[in-house]
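Structural characterization, general
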Amino acid sequence: MVNHAEIDEETVAALIATARQARAQAYAPYSRFAVGAALLAADGTMIAGCNVENVSYPLGLCAERAAVAAAVVGGHRRFRAIAVVGGDGPLSPCGGCRQVLREFGDLWVIGGSAAGTALERWRLSELLPAAFGRERGE
Ligand code: THU
């Protein structure tokens, strides 16, 4: 697993700003709960995602998973952090997204709101302890 240094405040602010821009693109006509996410790749690139719902409700895609898919297709597989914003926040990723993120290491997870200043930070290993990971599955 990648060793994750703390994320500096300027980078946190940039991640939150990117996640908020992504949130503005959310397609959430059913829940009306718009979410934006921004992944920080190991090389400093930020990759955005938003939730994409579907009339067949269970097929809806969370913002975090949209960001992961966009990142991987862009050639990124090593990540330091993800910021997620929505609602009154601080938002924290759903269980399914925690598992998807876990595939790529013990990221910092930064939860924020749609517009407020409150943030929470966790390590993914705090949010998903004793996870089923590649080292257990192989
Ligand atoms: N959602 C996300 O995209 N990420 C989260 O962390 C929480 C929930 C989406 C799924 C659904 O489109 C909407 O928010 C309401 O649950």
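Please refer to the structure higher up on the page.
If you're wondering where the values come from, they're calculated on a predicted model, not measured in any experiment.

As a further point, take the site of the ligand. In the neighbourhood of the ligand, the contacting residues comprise Ser31, Phe33, Val35, Asn51, Glu53, Cys62, Ala63, Glu64, Ser92, Pro93 and Cys94. Between an oxygen atom of the ligand and a side-chain N or O atom of Glu53, the distance comes to 2.5 Å. Considered on its own, the ligand offers 370 Å² of accessible surface; in the complex 76% of this is hidden by protein. Residues of the shell around the ligand, tallied by class, amount to 6 nonpolar, 3 polar and 2 charged.

It is worth spelling out empty space enclosed by the protein at this point. One simple way to see leftover space: roll a probe sized like a water molecule over the atoms. Enumeration according to the criterion identifies 1 cavity of 30 Å³ or more in this entry. Taken as a whole, the largest cavity holds about 30 Å³ of empty space. Lining the largest cavity, in full, are Glu6, Ile7, Val12, Trp108, Ile110 and Arg121. Of the residues that constitute the lining of the largest cavity, the class distribution is 4 nonpolar, no polar and 2 charged.

Cut-off values and rules
Residues numbered from 1 in each chain as written. Predicted model: local features only at pLDDT ≥ 70, side-chain atom pairs only at ≥ 80, totals over all residues. Heavy atoms only, no water. Near = heavy atom within 4 Å. Polar contact = N/O pair within 3.5 Å; in protein donor to acceptor, adjacent residues only side chain to side chain. Areas by Shrake-Rupley, 256 points an atom, 1.4 Å probe, with all protein chains shown as cover. Nonpolar A, V, L, I, M, F, W, Y, C, P; charged D, E, K, R; others polar. 1 Å grid on protein atoms, 1.4 Å probe; cavity = no way out; pocket = protein on both sides within 12 Å on 5 of 7 lines; lining within 4 Å. Points joined across faces, edges and corners; volume = space filled by probe spheres on them.

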